[in-house]
Every structure is written in C-alpha cells, then in structure tokens.
Amino acid sequence: MATIASEQTIPAAETRKRAFRLAPSAISYLQAMPLIAILGFFFILPIAMIAVVSFWDYDFAGIYPDFLTMNYTETLGSWVTWKTYLNTLKFTVVVWALTLFIGFWVAYFLAFHIRKTSTQMILFLVCTVPFMTSNIIRMISWIPVLGRNGLVNSALVEMGIVPQPVEWLLYSDFAVVLAMVHLYTLFMVTPIFNTLMRIDRSLFEAARDAGASGWQVLWNVVIPLAKPGMAIGTIFVVTLVMADFSTVQVMSGGQSASVALMMKNQMSLLQYPAAAANAVVLLVVVLMMVAAILRVVDIRKEL
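Everything quoted here is computed from the prediction, not taken from an experiment.

Cut-offs applied
- Residues numbered from 1 in each chain as written.
- Predicted model: local features only at pLDDT ≥ 70, side-chain atom pairs only at ≥ 80, totals over all residues.
- Heavy atoms only, no water.
- Helix = DSSP H or I, 4+ residues; strand = E, 2+ residues; numbered from the N terminus.
- Rg over C-alpha atoms; globule rule 2.2 N^0.38 Å.
- Contact = heavy atoms within 4.5 Å.
- Areas by Shrake-Rupley, 256 points an atom, 1.4 Å probe, with all protein chains shown as cover.
- Lys, Arg positive; Asp, Glu negative; His and termini not counted.
- Charge placed at Lys NZ, Arg CZ, Asp CG, Glu CD.
- Salt bridge = Lys/Arg side-chain N within 4 Å of Asp/Glu carboxyl O.
- Buried < 20%, exposed > 50% of the residue type's maximum accessible area, 1.4 Å probe, protein only.
- Patch = residues over 30% accessible without salt bridge, like charges linked within 9 Å, V, L, I, M, F, W, Y side chains within 5 Å.
- Core = buried A, V, L, I, M, F, W, Y, C linked by side-chain atoms within 4.5 Å.
- Phe/Tyr/Trp six-rings, centres within 6.5 Å; stacked < 30°, edge-to-face > 60°.
- Polar contact = N/O pair within 3.5 Å; in protein donor to acceptor, adjacent residues only side chain to side chain.
- Expected span 1.5 Å × (residues − 1).
- Bend = angle between axes of the 7 residues up to and from the residue.

S.K.: Hey, could you run me through the overall build of the protein chain in this one?
M.R.: Secondary structure summary: the protein chain contains 15 helices and 2 strands in total. Relative to the compact-globule value of 19 Å for 303 residues, the protein chain shows a C-alpha radius of gyration of 28 Å, a clear excess of over 25%. Its C-alpha atoms give the protein chain principal-axis dimensions of about 115 × 70 × 35 Å. Excluding contacts between residues fewer than 6 apart, the proportion of contacts in the protein chain whose partners are at least 24 apart in sequence is 70%. Working note: accessible area of the protein chain is about 18,800 Å², and carbon and sulfur atoms make up 71% of it. The centroid of the 18 positive side-chain charges in the protein chain is displaced by 9 Å from the centroid of its 15 negative side-chain charges.

Given below as structure tokens:
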C-alpha cells in the first residue's frame, strides 16, 4: 500500500511543477523586461513628453498646458523653417558624401593593405585618439588654422598663391562642412572596417581567377559586401549632422542656420512648445531618412 501511495504522489508533484512552468516565449519577455523598462523610462517617456509639450501654449511669461496645433502650423507654414531644413539637408548630404568617400578608403586601407592585426589595431587607435578630447575643443581648433591670420592663409600668402588672405575659409559653410567631416568621419570608418574584415578573402582570389581586374573586384565584390557597414555609418552621420547646432553656430559665425540651432534659439527665448514642435518634425524627418536607408540596404547582415 505504501508503494502505491508513493507512486501516486510523484505524478501529482510533477503535475504541479508543470502547472507553474512558463512558456518559452513568456520567459523571453520576462528576460527583456528590465531593458524594456530602461528604454521606456529614458527614451520613450522623454519623447512622449516632448510630443505633449509641442501642443501647449506659451507667451513671454511661461508655458500653459493646452491642446493647440498653433506650434505646428507656425513651424510648417513658415518659409524660414523650410529654408532652414533645406540648409540642414544640404549640410547632411555634403558631409555624408565626404565621410563616405574618406571613410571607405581609410577602412579599405586598414582592412586589405595592412597585413598584421596588431598594426591594424594600432592605426585604428590612432584614428580614435582625437575622440579622447571634447568635440568643442576639436572644432575650435580649426579657428587658428582657417582664420584670416591663421596657418593656411599665412602659408598661401607667403607662397604667393593668393595676394591677400582668403576670407571664406572661416565663418562660412565651407568651415562648417570641414569641421563636421573631421568630427564624424570615424563614425563611417568603424562600421565599414568591421564589414570589410568579415569578407572572405577567397572571394577575391576567385574573382581574379575569373579574369577580373582590381577595379572590377572592388566594384563587384567589395562594395556590394560593404553596403551594410556603409548603411550603418550613414545612419550615424545623418543623425549626428541633423542634430548638430554647435558646429553650425561656431564655424559659420552665426551666418548659417540649421534646424537644431533654430530649436536652441527658441529654447533660449523660453519658447519651449515651439521648440518641441520643431523637435517632433525633425524626429519624423530623420526617421523617414533612416527608413529609406533600411529599405535600400539590409543591415541585419551586419548585426
């Protein structure tokens, strides 16, 4: 009888254990809950607050909770806003093209022309050395180089190339683009370098055995396989340039404008709802650009 009773209690215990067992999908969601909570509190909640404030009213004395579309109509109905967005997109396209060109060839050199891994890492660390200082310091360091009495103008005048200092080197769109390329090229180099290092070198040998030249190998093998890294670098550069206001303000000397700089000026005037509306519009524009990039290139191959 004791044996029969023990045999009956064991299945009952196993049944209770099975009843408390969670499905694998539920366990995955529970494991992701801490990350979801962190992202929700530090990412989604601030964006939601900005979207709510964008519908509030304001005057010179303060802001007032309300539900008005005035901020969006004034933002989207102003030709100044559209001109500022076009100027920002101009900076974005030019900086993206230059960083892509420079970043690809730097990554190509590091990946295929440097044989030793230790040398690759040393040269890559050399590229990252400027990032040990502040962006503001690296940006301001261009002023004594490009100024009227700076190194470049002094060299040009002494060599007799120009009769007098060139004025457009500093406090111009050229200076803005140059500083942005200097600041953000590494964000293009890193993902492209990681992608190129994953390419199977036997593909190059197969292409050469098939009679392909060096440029044909580059165009038909290297560049298609490097597209995921280019897409990731493009996302980094585009989002950084669209949100940059300090570089535009300092390097243009206040003669040029960007959307982020416009929002910064609105916040300095305590026009927080108008700045929030501009932030929402800018976020939508950037998300549309990122979505277009993701439709062209599947970056899941890189992740």
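Back to the text.
S.K.: I tried to follow the pattern of salt bridges on my own but got confused; where do I start?
M.R.: As a working rule, side chains carrying opposite charge can pair if their charged atoms are close by. For the coordinates displayed, the defined rule picks out 2 salt bridges. Residue aspartate 173 is joined to lysine 90 by a salt bridge in which the shortest nitrogen-to-oxygen separation is 2.8 Å. Placement of the pair is aspartate 173 in helix H9 (residues 173–184) and lysine 90 in helix H4 (residues 79–113), with a sequence separation of 83 residues. A relative accessible area of 36% means that lysine 90 is categorised as partly exposed. Among the salt bridges present, the one from glutamate 167 reaches arginine 148, with a minimum N-O distance of 1.9 Å. With a gap of 19 residues between them, glutamate 167 in the loop between helix H8 (151–158) and H9 and arginine 148 in the loop between helix H7 (143–146) and H8 connect regions that are remote in the sequence.

S.K.: What am I meant to see in a nonpolar patch on the surface here?
M.R.: Taken together, the side chains of Leu35, Leu39, Phe43, Ile44, Ile47, Leu283 and Leu287 make up a nonpolar region of the molecular surface, amounting to roughly 660 Å² of accessible area. Here the nonpolar patch takes 5 residues from helix H2 (residues 24–53), the largest share from any one element. As for its position among the elements, isoleucine 44 is in helix H2. In this structure isoleucine 44 comes out as exposed when scored by relative accessible area, which is 54%.

S.K.: Mind showing me how you'd approach the nonpolar core here?
M.R.: One broad trend across soluble globular proteins is that nonpolar side chains are buried collectively. Counting residues in hydrophobic clusters, the biggest one holds 44 residues, and the most contacted among them are Phe104, Phe112, Ile192, Leu196 and Val222. Mapped onto this core, the elements with two or more residues apiece are H4, H9, helix H10 (186–197), helix H11 (202–209), helix H12 (214–242) and helix H13 (246–251). No other element matches H4, which puts 9 residues into this core.

S.K.: Hey, could you run me through the packing of aromatic side chains in this one?
M.R.: The relative placement of two aromatic rings is captured by the distance of their centres and the angle of their planes. Enumeration according to the criterion identifies 12 aromatic pairs in this entry. Seen from their ring centres, tyrosine 108 and phenylalanine 112 are 5.0 Å apart, and the 75° between their planes marks the pair as edge-to-face. In this pair, tyrosine 108 and phenylalanine 112 both sit in helix H4, 4 residues apart, roughly one turn of the helix. The exposure class of tyrosine 108 is buried, given its relative accessible area of 19%. Judged by relative accessible area, phenylalanine 112 falls into the buried class, the value being 11%. Residues phenylalanine 187 and phenylalanine 236 carry aromatic rings whose centres are separated by 6.3 Å and whose planes lie at 70° to one another, so their mutual orientation is edge-to-face. Note that phenylalanine 187 is positioned in helix H10 and phenylalanine 236 in helix H12, a separation of 49 residues in sequence. Judged by relative accessible area, phenylalanine 187 falls into the partly exposed class, the value being 28%.

S.K.: So what exactly am I meant to see when it comes to the side chain of serine 258 here?
M.R.: Of note, serine 258 is situated in the loop between H13 and helix H14 (259–268). A polar contact of 3.2 Å, which involves the side chain of serine 258, links it to the backbone nitrogen of leucine 261.

S.K.: Just checking my understanding: could you explain H12 for this structure?
M.R.: Spacing of three or four residues puts side chains on the same side of an α-helix, whose turn is 3.6 residues. Taking 1.5 Å as the rise per residue, H12 with 29 residues should run 42 Å; its terminal C-alpha atoms sit only 36 Å apart, a clear shortfall. Largest kink in H12: about 50°, centred on lysine 227, with the proline proline 228 one to four residues after it.

S.K.: What is the right way to read H9 from this model?
M.R.: The terminal C-alpha atoms of H9, which comprises 12 residues, lie 16 Å apart, in line with the 16 Å expected from a rise of 1.5 Å per residue. For H9, the full list of buried residues reads Ala175, Val176, Val177, Ala179, Met180, Val181, Leu183 and Tyr184. On its buried face, H9 sits against H4, helix H6 (135–140), H7, H10, H12 and H13.

S.K.: Hey, could you run me through the environment of alanine 231 in this one?
M.R.: Relative to the elements of secondary structure, alanine 231 occurs in helix H12. Sequence separation between alanine 231 and glutamine 31 is 200 residues, and the spatial gap between their C-alpha atoms is 30 Å. Residues contacting alanine 231, with those up to four places away along its chain left out, are Ile293, Val297 and Ile299.

S.K.: Honestly, unusual backbone geometry in this entry has me stumped. Any pointers?
M.R.: For residues other than glycine, phi is negative in most cases, and the peptide bonds are mostly trans. Of note, the phi angle at tyrosine 171 is positive, near 55°, even though the residue is not glycine. For tyrosine 171, the position within the fold is in the loop between H8 and H9. What makes tyrosine 171 partly exposed here is its relative accessible area of 38%. The backbone of leucine 270 shows a phi angle near 65°, a positive value even though the residue is not glycine. Take leucine 270: it is sitting in the loop between H14 and helix H15 (272–296).

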